[in-house]
Amino acid sequence: KAGKAEDEPSAKRREKAEKEDVEVDDPIDPRPATKATVGFGVDTTLNVVPAMQGKVLMALTEGGMQYFIAGARASVGMKAGRYLYEVKIIEALNPVESTQGIHGRTPQPRQLVRLGFSTAGSSLVLGDCDDCVYFDSEGNFGSGKMKKRTSQNFTRDQVISVLLNLDVNSPNAYTMSLFREGVRIAEPQTIPERLRDKPLFPHICFRNVTVQVNMGPNLLKPLPFSCRMLQSAAGSDVIESKESEVGVYNVMMPVAAPDEGTFDWLDEWLEAHPSWVELSDRKLQQWAVSSGLSKPKGGSQDKPSFAYGITGMEDMTLQKVINAIAPTIPRNYVVMEVRANLLASERAEVLKRFSLPHFKKTAMVVMGKPTEEFKDKLRAKILREKQAKADNEWRLKKAQREQQKQMLRRQRELAEFRRKAEENRKKLLEEAMKKTGDEKKEDGKEEGKVKEELEEEKLDAKDEKVEAKEEEVKEEDDGLGDEPPKVELSEEELHFDFRQATVGDIAPAALSKSLSSFTIPEESEGFDAVEFVWEGEAECKEYLRRWVLDAKQSTRMEDLQPSKSFADKMGSWQKQFQEWQAKQKSFKTNPTKKEKKDFEETETKVDIFSIEDVDDMGDGEPLYANFAPEDWALLQLRYESYLLQESFKKDVDDPDRTDIPEVHIAFYFSKYFKRTLNPQVFNFKTVSELLDLVKDTVIVSGEPAVLTSNMDDVDSPEIFVKLTEECRRDRQRRTDAGDETAKLKYTPPAGAATAIRPQVPLQSWSQIRPGFKAPGKGAPPVGGLGNLGWKGKW
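A few points on the structure. (Residues numbered from 1 in each chain as written. Predicted model: local features only at pLDDT ≥ 70, side-chain atom pairs only at ≥ 80, totals over all residues. Heavy atoms only, no water.)

**With respect to the overall build of the protein chain**
Okay, step 1: The secondary structure content of the protein chain amounts to 18 helices and 25 strands.
Okay, step 2: Taken across its 794 residues, the protein chain has 44% of its residues classed as buried.
Okay, step 3: Approximately 42,700 Å² of the protein chain is accessible, and the part contributed by carbon and sulfur atoms is 50%. (Helix = DSSP H or I, 4+ residues; strand = E, 2+ residues; numbered from the N terminus. Buried < 20%, exposed > 50% of the residue type's maximum accessible area, 1.4 Å probe, protein only. Areas by Shrake-Rupley, 256 points an atom, 1.4 Å probe, with all protein chains shown as cover.)

Structural data, given as structure tokens:
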């Protein structure tokens, strides 16, 4: 009787609840409640600040953090039953905006709350992956990237109850409901099937608000039916997270050669260790994108661009905030910096930040020949990406073909409509003609004409039908099939050790600055352990040494600056160069009495390299008396290419980097001489072809090809004048012998400074070049090899 009396009020409450809500009162459950405390431990984003023993959640707003969504996942999850938790927005924040210009667009809404459940190890931002389900403050219900409006909004100072029903015996099994101030504002929403056999943990995401969280055991706002909170759930219905605080945490630093599977290995490792927190710029950028910020273009894998138009992010304040707070929050961290992890000085800074005793610091060296397991997973990843790309292309083509089909259908429907309209018109016309009969002979003739027109129109209609049928047959098969084509890896892809990324791990400028300082970490630096993943310590050190050596041959030194020694030599050369041009001009203006015949005899008899003074071979004639603009250009090229190679070797001061790679000659020429090396002035396409003109001074050879000097230490630049005169005379002899290939195709660039043409007394021009008239007053000057600072006029 007593039991019957107790059941009557319960039955009345259930009946009342059924009338007011689809959910019913909880039955009496004799099972013991969980002993685990439901709260927020290590499973939160780094900007979450728990207070009041996890009952209040706040977020950092410094350095651009006000634009990031904060996420917190509870330490206890549900695997069965029906339970709820409550949340109340107790503060709405309005931090100062720090955007600049039109590119600094902040994500909307500024204040945001998402309440739901997620699986262990999934993203801490609800909506960032498929392993979650949630309601948000804007009235949406979502899972992954998909969401739809299903509820009313909720805002500050309102108690929001989130109920998850995993009771298989309930008519509302596998649904989630939302209540505001004890009143339902969303009908039970079915959770995805992929989540039904997994433990689901309460999950809260918010931005620019402070929230109060109540996990139980007592409700802040009663519901129309009785329902236990998560804190009083049966122990067999819940599971405690494995990531609860354990007292000892790890800091791991991957050390790998750039562009050799660094991030692929890390992604694979994090899949096996989902609780570890990655500290890197790429992870911050992913977090920013998940929070609604558009990903800027540029940068490298290691240091992506943070050009968001937000001051705290563009000036790297965000990274400083993360570096400051991470050591204070107990987590297992992966410090992923490709360049920094290869530098002993940068590693020391990380070890200094994580100096507390509860952090175990490990260096993980991932270098050398990868394992077959890694390559198998890499090939599978490449195949998935290749298949996804092919699928997208197939869908796009399919959609285009479908659009074409629909257009053809509309055209046929329109043609059919017109045909029927025309038939009706013809029918009415025929009936009208029958009524008129043979009233007039003229009408009979007209009728004949009309009939002929009708017959022609019928034939046209038949042709249109035939064409329509042919088009219909054509559109039946688009040639694409019903499923996307299956792709396969190419022979080259099957032999990849590492994936060929479109964006490098390290920017070339950053790589060139630190390349020579790359080292393998050692325990003596302060690590508790140094582990080698693919190969042993000795092999990794040798591998890195060879990698650095190869990289030096292919990486430009963006920060290299010409030394004072170079500047002094270049200044002296420019002064000497101008003096030679002035002396040539003076000699041509006041020539000796020697005629062309005498010049030729002198050239034949005199040994160029025995001349002691290039300014006077005799009778005041300089060795360079007959230099044309192209000869001055080649003289300049000889000295500058020699000086470039010698100065590069001394300024770099690296025994592994003594020569300039062929592909970088133009870059370093511009770096040293502040102008472009243009091979087109001599009608060449490449710098190597141009330098072949001065192969007596420098050559481009080897594998890979590099610029090397043929000159030992040069005491005086006069040697370059002698080399230039020797080549001039050789070209002249070959030209006189009829060798047209000896002629240089020299075209001074537009805007080039004036150069001196070889001159003889005006009465002798016809002797040198028959039929050629001496230029008169105001004749245009002849240019040189691009901004060489040459002087002189006609």
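Next comes the rest of the write-up.
**Considerations on the packing of aromatic side chains**
Okay, step 1: The final tally for this structure, using the stated rule, is 29 aromatic pairs.
Okay, step 2: Relative to Trp287, the ring of Phe68 has its centre 4.9 Å away and its plane inclined at 85 degrees; by these criteria the two rings are edge-to-face. Highlighted residues: Phe68 in the loop between strand 2 (56-59) and strand 3 (70-73) and Trp287 in helix 3 (residues 281-290), separated in sequence by 219 residues. The pair Phe68 / Trp287 is uniform in exposure class, with both members buried.
Okay, step 3: Ring plane angle 55 degrees and centroid distance 5.8 Å describe the contact between Tyr624 and Trp632, whose orientation is recorded as tilted. (Phe/Tyr/Trp six-rings, centres within 6.5 Å; stacked < 30°, edge-to-face > 60°.)

**Looking at the packing of helix 14 (residues 629-652) against helix 17 (residues 718-736)**
Okay, step 1: Between helix 14 and helix 17, the shortest axis-to-axis distance is 9 Å and the interhelical angle comes to 135 degrees. With respect to helix 17, the axis of helix 14 lies oblique. Helix-helix and strand crossings are classified by hand; for helix 14 and helix 17 the assignment is right-handed. Residues Glu630, Asp631, Leu634, Leu635, Arg638, Tyr639 and Tyr642 of helix 14 form the contact with helix 17, whose participating residues are Phe720, Val721, Leu723, Thr724, Cys727, Arg728 and Arg731.
Okay, step 2: When grouped by side-chain class, the residues that make up the contact of helix 14 with helix 17 number eight nonpolar, one polar and five charged. (Axes fitted to C-alpha atoms, helices over the stretch in contact; angles between N-to-C directions. Parallel < 35°, antiparallel > 145°, perpendicular 65-115°, else oblique. Left-handed = near helix turned anticlockwise from the far one by under 90°. Contact = heavy atoms within 4.5 Å. Nonpolar A, V, L, I, M, F, W, Y, C, P; charged D, E, K, R; others polar.)

**Quick look at the sheet that holds strand 22 (residues 698-701)**
Okay, step 1: Spatially, three strands are ordered 21-23-22 in an open sheet, and the strand pairing comes out antiparallel. In this open sheet, the two edge strands, each paired with only one partner strand, are strand 21 (660-661) and strand 22.
Okay, step 2: Across four bridges, the pairing between strand 22 and strand 23 (residues 706-709) is antiparallel. Considered in strand 23, the bridge of Ile699 is made with Thr708. (Pairing = 2+ DSSP bridges.)

**Overview of the layout of surface pockets**
Gaps left between atoms are located by rolling a probe of water-molecule size over the structure's atoms.
Okay, step 1: One number sums up the size of the largest pocket: a volume of about 1,400 Å³.
Okay, step 2: Residue lining of the largest pocket: 49 residues in total, with Gly121, Leu270, Pro274, Trp276 and Lys283 positioned closest to the centre.
Okay, step 3: Put simply, the parts of the chain that give the lining of the largest pocket at least two residues each are strand 15 (238-240), helix 2 (262-272), strand 17 (277-279), helix 3 and helix 7 (372-436).
Okay, step 4: When its residues are assigned to classes, the lining of the largest pocket shows 20 nonpolar, 12 polar and 17 charged. (1 Å grid on protein atoms, 1.4 Å probe; cavity = no way out; pocket = protein on both sides within 12 Å on 5 of 7 lines; lining within 4 Å. Points joined across faces, edges and corners; volume = space filled by probe spheres on them.)

**So, the nonpolar core**
Okay, step 1: If you look at the biggest cluster of nonpolar residues, it comprises 76 residues, and the most contacted ones within it are Trp265, Met313, Phe354, Met367 and Phe518.
Okay, step 2: Beyond its immediate chain neighbours, meaning those up to four positions away, Met313 contacts Gly63, Gly64, Phe68, Ala288, Leu293, Phe306, Tyr308 and Leu318. (Core = buried A, V, L, I, M, F, W, Y, C linked by side-chain atoms within 4.5 Å.)

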